[in-house]
Amino acid sequence: MSDLRDLSVVGAGDGLARGDFSAVELAEAHGAAIEGARDANAFITPTPELALERARASDERRRRGEARGPLDGIPIAVKDLFCTEGVLTTAASRILYNFVPPYESTVTQRLRDAGAVMLGKTNLDEFAMGSSNVTSHFGAVKNPWGPCDGKDLVPGGSSGGSAAAVAARLCLGATGTDTGGSIRQPASFCGIVGMKPTYGRCSRWGIVAFASSLDQAGPMARSVLDAAILLEAMAGHDERDSTSAPMAVDRFADAAANGDIRGLKVGIPAEYRLDGITGEIDALWEKGIDVLRGRGAEVIDVSLPHSRYALATYYIIAPAEASSNLARYDGVRFGLRVEAPSLDEMYERTRGEGFGAEVRRRILIGAYVLSAGYYDAYYLKAQKVRALIAEDFRKAFEDVDVLLTPTAPSDAFAIGEKMDDPITMYLNDVFTVPTSLAGLPALSLPAGLSGRGLPLGLQLIGRPFDEVTVLRAAAALEADVGFTPLPVRAYATPGG
Amino acid sequence: MPLDRDTVKTIAFLARVRVPDDQLQPLAGELSAILGWIEQLAEVDTSAVEPMTSVAAMLAPQRADVVTDGRQRDAVLANAPHALDDYFAVPKVVE
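Conventions used here
Residues numbered from 1 in each chain as written. Chains lettered and ligands numbered in written order. Predicted model: local features only at pLDDT ≥ 70, side-chain atom pairs only at ≥ 80, totals over all residues. Heavy atoms only, no water. Salt bridge = Lys/Arg side-chain N within 4 Å of Asp/Glu carboxyl O. Buried < 20%, exposed > 50% of the residue type's maximum accessible area, 1.4 Å probe, protein only. Helix = DSSP H or I, 4+ residues; strand = E, 2+ residues; numbered from the N terminus. pLDDT = per-residue confidence, 0-100. Contact = heavy atoms within 4.5 Å. Buried area = accessible area lost by both parts, 1.4 Å probe. Phe/Tyr/Trp six-rings, centres within 6.5 Å; stacked < 30°, edge-to-face > 60°. Lys NZ or Arg CZ within 6 Å of the ring centre and 35° of its normal. Pairing = 2+ DSSP bridges. Axes fitted to C-alpha atoms, helices over the stretch in contact; angles between N-to-C directions.

Section: the pattern of salt bridges
- Applying the stated rule across the entire model yields 39 salt bridges over all chains.
- When the shortest N-O distance is used, the salt bridge between A:Arg251 and A:Asp254 registers 2.6 Å.
- Accessibility expressed as a relative area gives 60% for A:Arg251, which makes it exposed.
- We classify A:Asp254 as partly exposed; its relative accessible area is 43%.
- Linking A:Arg308 and B:Glu43 is a salt bridge whose minimum nitrogen-to-oxygen distance equals 3.7 Å. Here the residue A:Arg308 occupies a position in the loop between strand 8 (298-302) and helix 10 (310-325), and B:Glu43 occupies one in the loop between helix 2 (21-38) and helix 3 (73-77), the pair thus bridging two chains. With respect to class, A:Arg308 is no different from B:Glu43; both count as exposed.
- Through salt bridges with shared partners, a single network forms among A:Glu60, A:Arg63, A:Arg64 and A:Glu66.

Regarding the confidence of the model for chain B
Residue and element names in this part refer to chain B.
- Across chain B, pLDDT averages 92, with 99% of residues at or above 70.
- Element-level mean pLDDT values for chain B span from 93 in helix 3 up to 96 in helix 1 (residues 5-14).
- If you check the scores for this complex, the pTM reads 0.97 and the ipTM reads 0.95.

Description of unusual backbone geometry
All names here are of chain A.
- The peptide bond linking glycine 146 to proline 147 adopts the cis configuration, its omega dihedral lying at -5 degrees.
- Note that proline 147 resides in the loop between strand 3 (117-122) and helix 5 (160-167).
- The omega torsion across glycine 157 and serine 158 is 10 degrees, close enough to zero to call that bond cis.
- Following the sequence through the fold, serine 158 ends up in the loop between strand 3 and helix 5.
- In the Ramachandran plot, lysine 418 falls in the positive-phi region, its phi being about 60 degrees despite a non-glycine side chain.
- Residue placement: lysine 418 occurs in the loop between strand 9 (402-406) and helix 14 (422-426).

Some words on the interface of chain A and chain B
- Between chain A and chain B, the residue contacts involve 63 residues of the former and 46 residues of the latter.
- For the pairing of chain A and chain B, the buried interface totals around 4,700 Å² over both sides, and the portion due to carbon and sulfur atoms is 71%.
- Three residues stand out in chain A for area buried against chain B, namely A:Glu348, A:Leu364 and A:Tyr368, and they jointly supply 14% of the buried area on that side.
- Inspection of the region where chain A meets chain B yields 3 salt bridges.

Considerations on the environment of A:Ile363
All names here are of chain A.
- Within the fold, isoleucine 363 resides in helix 12 (residues 357-369).
- By relative accessible area, which is 1% here, isoleucine 363 ends up buried.
- For the pair formed by isoleucine 363 and phenylalanine 413, sequence separation is 50 residues and the distance between their alpha carbons is 26 Å.

Notes on the packing of aromatic side chains
- One pass over the full model with this rule turns up 17 aromatic pairs over all chains.
- Both rings, one in A:Tyr272 and one in A:Phe431, keep their centres 5.5 Å apart while their planes meet at 20 degrees; by these two values the pair is stacked. On the criterion of sequence distance, the pair formed by A:Tyr272 in the loop between strand 7 (265-269) and helix 9 (279-294) and A:Phe431 in the loop between helix 14 and helix 15 (433-438) is long-range, its members being 159 residues apart.
- Take A:Phe431: its relative accessible area is 1%, and that puts it in the buried class.
- Between the aromatic rings of A:Tyr329 and A:Phe334, the centroid separation amounts to 5.9 Å while the plane-to-plane angle is 70 degrees, which identifies the pairing as edge-to-face.
- Aromatic rings pair up to connect A:Phe99, A:Phe127, A:Tyr329, A:Phe334 and A:Phe355 into one cluster.
- The ring centre of A:Trp205 lies 3.8 Å from the NZ or CZ of A:Arg240, which sits over that ring.
- Between B:Arg16 and the ring centre of B:Phe13, over which it is positioned, the NZ or CZ distance is 4.2 Å.

Section: helix 4 (residues 106-113) of chain A
All names here are of chain A.
- Along helix 4, the positions that sit buried rather than exposed are Thr106, Val107, Thr108 and Leu111.
- Here the buried face of helix 4 lies against strand 2 (75-79), strand 4 (173-178), strand 6 (216-221) and helix 7 (224-234).
- Of the residues trailing helix 4, glycine 115 is marked for its positive phi of about 95 degrees.

Thoughts on the sheet that holds strand 1 (residues 43-46) of chain A
All names here are of chain A.
- The 11 strands lie next to each other as 1-3-2-4-6-5-10-11-9-7-8, forming an open sheet whose pairing is mixed. Looking at which strands have only one partner, the edges of the open sheet turn out to be strand 1 and strand 8. Going across the sheet, the axis of each strand differs from the next one's by a mean of 30 degrees, ignoring polarity.
- Most of the contacts of helix 7 go to strand 6, to which it runs at about 145 degrees, and overall it touches strand 2, strand 4, strand 5 (193-196), strand 6 and strand 10 (442-449).

A word on the pairing of strand 10 of chain A
All names here are of chain A.
- Among the 8 residues of strand 10, 7 are classified as buried, and the element is accordingly described as predominantly covered.
- Judged from the 7 bridges that link them, strand 10 and strand 11 (residues 455-462) form a sheet pairing that is antiparallel. The partner of leucine 449 across the bridge, within strand 11, is proline 455.
- The antiparallel pairing of strand 10 with strand 11 creates a hairpin that spans 5 residues between the two strands, and glycine 453 there sits at a positive phi of about 80 degrees.

A look at the environment of A:Leu471
Residue and element names in this part refer to chain A.
- Note on placement: leucine 471 falls in helix 16 (residues 467-481).
- Assessed through its relative accessible area of 0%, leucine 471 is described here as buried.
- Sequence-wise, leucine 471 and valine 224 are 247 residues apart; in three dimensions their C-alpha atoms are separated by 6.9 Å.
- For leucine 471, the contacting residues outside a window of four places in its chain are Met195, Val224, Ala228, Phe252, Ala255, Ala256 and Leu443.

Quick look at the pairing of strand 9 of chain A
Residue and element names in this part refer to chain A.
- Of all 5 residues in strand 9, 5 are buried, a share of seventy percent or more.
- In strand 9, alternate side chains face the same way, and those of Val402, Leu404 and Pro406 on one face and Leu403 and Thr405 on the other are all buried.
- Pairing of strand 9 with strand 11 involves 5 bridges; the strand directions are antiparallel. In the strand pairing of strand 11, proline 406 is matched with leucine 458.

Here it is in structure tokens:
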């Protein structure tokens, strides 16, 4: 029954409502596919028994006429950065190799309450620090669009396991988190839709913290509408996160079902036309502009003059916040402990052996830029440039309703590439980081293929808390771009 | 400004991250390259700019000063690498 795995969230919901199949059948089909796709390494911890238990409960609710809405019985995957009650939560780090949270994150609790069925916890870059999923303690994830030229490809990162799982049809949707592009760049690399909502839309409570002023949860799915349905369940005020916005959740699914963009003003930021950007990325961008114009949008050139400083700003602020957040991993209260005769040595050895190379690098950079004598020169300077970057967006949005840009500067690269120099890896996020620094909502959707036959995404960026306009424009783009190609590795359901 | 081996050793100790001696020099090179790249921010004139303190345009929320949680001893200790008599246990710190 591989066709169950090709359904959209909406299609599966309709099928459940009609009684064409049960939530248990959906969970079994996906569970078997996950087992058959071990080689992809998209999941750190599959939870097939828990999935069946929740699927049975969903079917039971439906029998009683108490189905909860569009996500009841829908099988989803959860990035292993969300704390899940009684289920191993590792952040893909050795230092949390045995951590079983006694509580559930707000976002995953909301999905549970909506009836969604968790299939397992997906792989990621360690502590969400990376753009390739290669820094995971549990190994790299294979992009289902590969191999290409004989090499396995990265799914992007940090939400690489979630992106690969959605693309390979191992789940109907997934949660991701995005700090500098960690939902959008893997969505682009894997040919799926990924959305980072406005900072404050989704509660950060129970999400393993990386950089608290940037971290946001968001949905990953195979259509704009599916992503909107997931976001509607995930979002909402939570007093346990002091930066959670006390705002009502908009009707995201209605916006994604609309697609009427007549008169919409779409901005094209001049500074995103980078030197060295490939012709095919430029051509894709032009195609997106033509589609939106053809649907009645007005296309306007805008300027975001401080964009070029966004990456350097990010690589001060994110490591600084990370060094502070990751101070909690000390071998005392949870996670790995490496025994040593003194407390200091125990801390040092636990953290030295528990964190991988990229995480150690970022902790040290963060500790340095926050240290006495350097705080003003680095951290304070970065917070000032960040204010200028946010101000650029604010001014642009006086003239336009939404911005259109590429998502990433390239298609997916081979596992092991771009590892020699950290800065080369950081450049993956050149188009996504500015939005994160400004806290704005942004969505990536697949818009075409590269010359090598790999997916490429376009990014739509909106005003704060105007996800509705982003989703409306994305629906319009999706309808006319008509992205239908499938990944090379379509993992078959055994016996299906 | 390039970081030397000893500075890296000091930072690593401050962050309580053990770095083996033979990795200090290569790490100094990597961190120096990153810091060198970050130096580009110096060319931005920020003399009249207030630093961003919050990306969300909202005030810190307030709540009544009352206990909202507690009596979770078992849950709190459940993941402890070493618990003893309802406490987290660590190597001896006082002689």
